[in-house]
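Overview (structure and organization)
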Amino acid sequence: MRRLFGKNTWRHMAACLLCSAGIIGSTLPVCAASSSVLFEQQTWKEIQADIAAGTTTIIIPVGGTEQSGPYIAVGKHNTRALYLAQQIAQKSGHTLVAPVVAYVPEGSTSPRTSHMRFPGTITVSPDVFEKLLISAGESFQVQGFKLIVFLGDHGGYQKDLQKAAETLTRKWQGTGAKAVYAAGYYTVVAHQYSDWLKQKGYGKDVGMHADISDTSLMLAVDPSMVREQALRASGVPSTAEGIYGGDPRRASAALGQAGLAMQVNAAVQAIEQARGR
């Protein structure tokens, strides 16, 4: 049977049960929210033991820091990518989640283009970004990870993720390691999820950025990242306000949950296919 949770997860669950039962003090930090799938929350000894026990897949979640209209916080992609990567890792089994890549190509600084036209956006050049992805992949491969999965939440760099995965896979030929670009994680939002929203009667609300789908996904992950008053007052979508098509005002966490499930399933399928299952 596949190990869905690492040893630290079981320790955490047991500690929380003891905490709830009053067997150990509730003030101890053992019941703090954590997840054993997070690479950065483990010691090197724990990571080494996980790899030896067969946890040889790691997800590199790629987010981005950009404007998303006047009502969604600029860390939207980072928050969603980390949240979803954990769900994907737990569902896939034998998988860890690397720290989120938050610095990505978002346009030029001189002249200011794309999302860089707005305050709140951070950009890096595509060549720097590609080198970062390759270096990260190599870091994990030399430790013993066999499957490195690039998972991107923003549309502007999808081709860069694919190129990095292909470059690493060629480099690792004959080693038993490979990199995978999980394209479906992103494309399912523009296709399957958008079609689902249209079928539910939200056709005029679907756009390309900060629309009903974007906002609903954020509400489902972390509603504190959405400014409800600014959202309801947004009115007609305007590119000058950073809203690219679609009316976001009917967005809801309930609508977002459907899209999140589609993203998780698409990524899990990509991992299973890469594993040859």
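Residues numbered from 1 in each chain as written. Predicted model: local features only at pLDDT ≥ 70, side-chain atom pairs only at ≥ 80, totals over all residues. Heavy atoms only, no water.

1. Things to note about the overall build of the protein
Quick note on the threshold: Here a strand is any run of E in DSSP of at least two residues, a helix any run of H or I of at least four, and the numbering for each starts at the N terminus. Under the scheme applied here, a residue whose accessible area is under 20% of the maximum for its type counts as buried, over 50% as exposed, and between as partly exposed, the area being computed with a 1.4 Å probe on protein chains only. Contacts are assigned to residue pairs that have any heavy atoms within 4.5 Å of one another. Computed by Shrake-Rupley with a 1.4 Å probe, the accessible areas treat only the displayed protein chains as cover when residues are assessed.
Of the regular secondary structure elements, the protein holds 9 helices and 4 strands. Listing each helix as α and each strand as β along the protein from the N terminus yields α-α-β-α-β-α-β-α-β-α-α-α-α. Looking at the 277 residues of the protein, the share that counts as buried comes to 49%. A separation of at least 24 residues holds for 74% of the contacts in the protein among residues at least 6 apart in sequence. With the model as given, the accessible surface of the protein reaches about 13000 Å², and the carbon-plus-sulfur share is 58%.

2. Some details on helix H9 (residues 253-274)
What counts, and what does not: Here a helix's expected span is defined as the number of its residues, less one, multiplied by 1.5 Å.
Given a rise of 1.5 Å per residue, 22 residues ought to cover 32 Å, and the 31 Å separating the end C-alpha atoms of H9 matches this to within 8%. Just downstream of H9 lies Gly276, where phi reads positive at about 80°.

3. A look at the packing of aromatic side chains
Inclusion rule: Stacked, tilted and edge-to-face pairs are distinguished by plane angle, under 30 degrees for stacked and over 60 for edge-to-face with tilted covering the rest, among Phe, Tyr and Trp rings (Trp via its six-membered ring) whose centres lie within 6.5 Å.
Summed over all chains, the structure comprises 5 aromatic pairs. Here Phe39 and Phe140 contribute two aromatic rings whose centre-to-centre distance is 5.2 Å and whose plane-to-plane angle is 85°, an arrangement assigned as edge-to-face. Residue Phe39 is found in the loop between helix H1 (7-21) and helix H2 (44-52), and its partner Phe140 is found in helix H4 (residues 126-143); the two are separated by 101 residues along the sequence. Here Phe39 and Phe140 have matching classes, each one buried. Both rings, one in Phe140 and one in Phe145, keep their centres 5.9 Å apart while their planes meet at 90°; by these two values the pair is edge-to-face. In terms of burial, Phe140 and Phe145 fall into one category: buried. In textbook terms, an aromatic cluster arises when at least three aromatic residues are bridged by ring pairs, as seen for Phe39, Phe140 and Phe145.

4. Some thoughts on the environment of Tyr185
Note the following rule: N or O atoms closer than or at 3.5 Å make up a polar contact, with two conditions inside protein: a donor-capable atom paired with an acceptor-capable one, and, for residues adjacent in sequence, both atoms drawn from side chains.
If you trace the backbone, Tyr185 turns up in helix H6 (residues 183-199). Separated by 101 residues in the primary sequence, Tyr185 and Leu84 place their C-alpha atoms 9.6 Å from one another. With sequence-adjacent residues up to four places away left out, Tyr185 is seen in contact with Arg80, Ala81, Leu84, Ile88, Leu151, Gly152, Asp153, Gln263, Ala266 and Ala267. Of the polar contacts made by the side chain of Tyr185, one reaches the side chain of Asp153; its length is 2.5 Å.

5. So, the pattern of salt bridges
Put simply, the rule reads: We define a salt bridge as a side-chain nitrogen of Lys or Arg found within 4 Å of a carboxyl oxygen belonging to Asp or Glu.
Within the structure shown, the criterion is met by 11 salt bridges. When the shortest N-O distance is used, the salt bridge between Arg232 and Glu228 registers 3.0 Å. Taken together, the positions of Arg232 and Glu228, both in helix H8 (residues 228-232) and 4 residues apart, correspond to about one turn of that helix. Look at Arg232 and you get partly exposed, because its relative accessible area is 38%.

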